[in-house]
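Chain and residue survey
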Amino acid sequence: MVPQNTFSTFHQPVIMSPKGLLLITQILFGLLVWLLVGGTDILHVPALCWVMFVAVSCWILSLSFFIIFLSEIPIRAPHIPWTVLSLCVNAAAACLYLMAAVVNTATVNEATRGRHNYKCWTASSCFAFLTALSYVGSSCLSFREWRHIRAPSAVSSV
């Protein structure tokens, strides 16, 4: 007798879709950002507290969206406008992460070159820009999906 897969509710193709790959990128790069910043002495630089807030908040949102899409909740709850919600969250996260990446880059000057904080803040600013770029990509995909959904209703109403 073959045991049943306990993860039968998970939708595997989501992982390999562009949306899923960008979510995985956001989760991995976002995790690196907040681990690199959090592993330093950020209390002496209040701007890095903002970077940590954005990084952790967006990481939790990305992880939540990944679990939601992986478990096919949008199919089970079609009354929720998932495309619009995804577009709004990704666009807001892209803006916040871009600001956090700029702030993170500006704080690199406050660290002594060659020290632990300098190396971590430099790496985290690089990953923050990559994370912001992945949120921009997700926003573009969500916008294209939203526009594709909206196009038939606009034609039929004319």
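Rules and cut-offs
Residues numbered from 1 in each chain as written. Predicted model: local features only at pLDDT ≥ 70, side-chain atom pairs only at ≥ 80, totals over all residues. Heavy atoms only, no water. Salt bridge = Lys/Arg side-chain N within 4 Å of Asp/Glu carboxyl O. Helix = DSSP H or I, 4+ residues; strand = E, 2+ residues; numbered from the N terminus. Buried < 20%, exposed > 50% of the residue type's maximum accessible area, 1.4 Å probe, protein only. Axes fitted to C-alpha atoms, helices over the stretch in contact; angles between N-to-C directions. Parallel < 35°, antiparallel > 145°, perpendicular 65-115°, else oblique. Left-handed = near helix turned anticlockwise from the far one by under 90°. Contact = heavy atoms within 4.5 Å. Phe/Tyr/Trp six-rings, centres within 6.5 Å; stacked < 30°, edge-to-face > 60°. Lys NZ or Arg CZ within 6 Å of the ring centre and 35° of its normal.

Moving on, we get to the pattern of salt bridges. Following the criterion strictly, the structure yields one salt bridge and no others. Across the salt bridge formed by Lys 19 and Glu 145, the nearest N and O atoms sit 3.2 Å from each other. With a gap of 126 residues between them, Lys 19 in helix α2 (residues 18–38) and Glu 145 in helix α6 (residues 116–157) connect regions that are remote in the sequence. Take Glu 145: its relative accessible area is 31%, and that puts it in the partly exposed class.

With that settled, the discussion passes to the packing of α2 against helix α3 (residues 46–70). With their axes 9 Å apart at the nearest point, α2 and α3 run at an angle of 150° to one another. Overall, the two elements α2 and α3 adopt an arrangement that is roughly antiparallel. Of the two elements, α2 crosses α3, and the hand of that crossing is left-handed. Together, Lys 19, Gly 20, Leu 23, Ile 24, Gln 26, Ile 27, Gly 30, Leu 31, Val 33, Trp 34, Val 37 and Gly 38 of α2 and Leu 48, Val 51, Met 52, Ala 55, Val 56, Trp 59, Ser 62, Leu 63, Phe 65, Phe 66 and Phe 69 of α3 make up the contact between the two elements.

Before going further, it helps to examine the packing of aromatic side chains. Scanning all chains against the criterion turns up seven aromatic pairs. With 5.7 Å between their ring centres and 25° between their planes, Tyr 97 and Tyr 135 make a pair best called stacked. Of this pair, Tyr 97 sits in helix α5 (residues 82–107) while Tyr 135 sits in helix α6; the two residues are 38 residues apart in sequence, bridging distant segments of the chain. Per residue, the accessibility class of Tyr 97 equals that of Tyr 135, and both read buried. Three or more aromatic residues joined by ring pairs form one cluster here, namely Phe 65, Phe 69 and Trp 82. Here the guanidinium or amino end of Lys 19 rests over the ring plane of Phe 69, the centre of that ring lying 4.6 Å away.

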